[in-house]
Amino acid sequence: MDKREFLAASALGAAAFAAPARAAAQTLPSPTLLTITGAIGRGNRGPLDPALDQLMKKQGLRFDKGHTFDFAALAALPAVTIRPTLEYDGKPHSLRGPLLENVLKAAGVRREQGSLVMRAIDGYAPEIKLADAHNFRFIVATHLDGKPMPVGGLGPLWAVFDADRFPGVASQPLNARFGNCPWGLYHIEVQ
Ligand SMILES: Nc1nc2c(c(=O)[nH]1)N[C@H]1C(S)=C(S)[C@@H](COP(=O)(O)O)O[C@H]1N2
Ligand SMILES: [Mo]
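Residues numbered from 1 in each chain as written. Chains lettered and ligands numbered in written order. Predicted model: local features only at pLDDT ≥ 70, side-chain atom pairs only at ≥ 80, totals over all residues. Heavy atoms only, no water.

### Quick notes on the overall build of the chain
And step 1. Within the chain, the secondary structure is distributed over 6 helices and 11 strands.
And step 2. Here the chain holds 191 residues, and the buried ones make up 38% of them.
And step 3. Once local pairs closer than 6 in sequence are excluded, the contacts in the chain between residues at least 24 apart make up 64%.
And step 4. By element, 57% of the accessible surface of the chain is carried by carbon and sulfur atoms, the whole surface being about 10,800 Å². (Helix = DSSP H or I, 4+ residues; strand = E, 2+ residues; numbered from the N terminus. Buried < 20%, exposed > 50% of the residue type's maximum accessible area, 1.4 Å probe, protein only. Contact = heavy atoms within 4.5 Å. Areas by Shrake-Rupley, 256 points an atom, 1.4 Å probe, with all protein chains shown as cover.)

### Quick notes on the site of ligand 1
And step 1. Close to ligand 1 lie Glu87, Tyr88, Ala120, Asp122, Tyr124, Asn175, Phe178, Gly179, Cys181, Pro182 and Trp183.
And step 2. Here Trp183 contributes a side-chain N or O atom positioned 2.7 Å from an oxygen atom of ligand 1.
And step 3. Here ligand 1, which alone exposes 480 Å², has 70% of that area covered by the protein.
And step 4. Class assignment of the residues belonging to the shell around ligand 1 gives a composition of 7 nonpolar, 2 polar and 2 charged. (Near = heavy atom within 4 Å. Polar contact = N/O pair within 3.5 Å; in protein donor to acceptor, adjacent residues only side chain to side chain. Nonpolar A, V, L, I, M, F, W, Y, C, P; charged D, E, K, R; others polar.)

### Digging into the sheet that holds strand 6 (residues 127–129)
And step 1. Spatially, the 5 strands line up as an open sheet ordered 2-1-11-5-6, and their pairing is mixed. Edge positions in the sheet fall to strand 2 (66–70) and strand 6, since each of these pairs with one other strand and no more. Averaged over all pairs of adjacent strands, the angle between their axes in this sheet comes to 20 degrees, without regard to strand direction.
And step 2. Two strands pair when backbone bridges link them, and strand 1 (residues 32–38) and strand 11 (residues 185–190) are joined in this way by 4 bridges, in the parallel orientation. Residue Gly38 lies in a different strand from strand 11, and its bridge partner there is Val190. (Pairing = 2+ DSSP bridges. Axes fitted to C-alpha atoms, helices over the stretch in contact; angles between N-to-C directions.)

### Section: the nonpolar core
The tendency in soluble globular proteins is for nonpolar side chains to be buried side by side.
And step 1. Counting residues in each nonpolar core, the largest one holds 40 residues, and the members touching the most others are Ile36 and Leu116.
And step 2. Elements that contribute at least two residues to this core include exactly strand 1, helix 4 (100–106), strand 5 (115–120), helix 5 (130–135), strand 7 (139–141), strand 10 (158–160) and strand 11.
And step 3. For Leu116, the contacting residues outside a window of four places in its chain are Leu100, Leu104, Pro126, Glu127, Ile128, Leu130, Ala133, Ile188, Glu189 and Val190.
And step 4. Leu48, Met56, Phe63 and Tyr186 belong to the second largest nonpolar core, which has 5 residues in total. (Core = buried A, V, L, I, M, F, W, Y, C linked by side-chain atoms within 4.5 Å.)

### As for the pattern of salt bridges
And step 1. Counted under the stated rule, the structure contains 3 salt bridges.
And step 2. One salt bridge in this structure joins Asp53 and Arg45, with 2.8 Å as the shortest N-O distance.
And step 3. Under the relative-accessibility criterion, Asp53 is labelled buried at 15%.
And step 4. Taking the shortest distance from any N to any O, the salt bridge between Arg165 and Asp162 comes out at 3.0 Å.
And step 5. A residue is classified by how much of its surface remains accessible, and Asp162, at 12% relative accessible area, is buried. (Salt bridge = Lys/Arg side-chain N within 4 Å of Asp/Glu carboxyl O.)

Below is the structure:
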């Protein structure tokens, strides 16, 4: 086998190896990462289960229906990439994910006024106006520098916007720009 044939054969081999892994990943059930409640559409899950929804119960959430997204459902929405300078290391990083606005639309949110409480796993829960979600083009980031974000880091989801691109925000010091950007996002209440 010459070098070209060998490379072609090993590429085929790699493809044959990767294909079943991909198929398995597609059929494996994947956990909900984000639940949206409040003024949503029909929803795809029922009320808070006080026995089994322990984190949400502990954080005082109540709802009679919700719209849930797993990673694939979020990744299936059109993604945008932003490149804000992060306060953690003072460097620009790429963040990719669907526009928050489109995630809300996919959950059947029809209103344009009102507010959102975006809740993170550590209980941090900033409230922003729906209009600001739109004006600042918030995204629900699924990837940081091309990689999914770990729980324990900034993930699995981060509601964030391109702070460098808005003069009123970019004029603030780095550590004052991201107060409305919960990392570890897992729940949004539409009010
Ligand atoms: N999940 C979560 N996100 C958060 C915070 C937090 O405490 N928890 N703090 C916010 C604030 S006030 C700022 S200034 C930035 C940086 O805070 P941090 O160092 O706590 O991440 O993240 C924002 N996002
Ligand atoms: Mo802050």
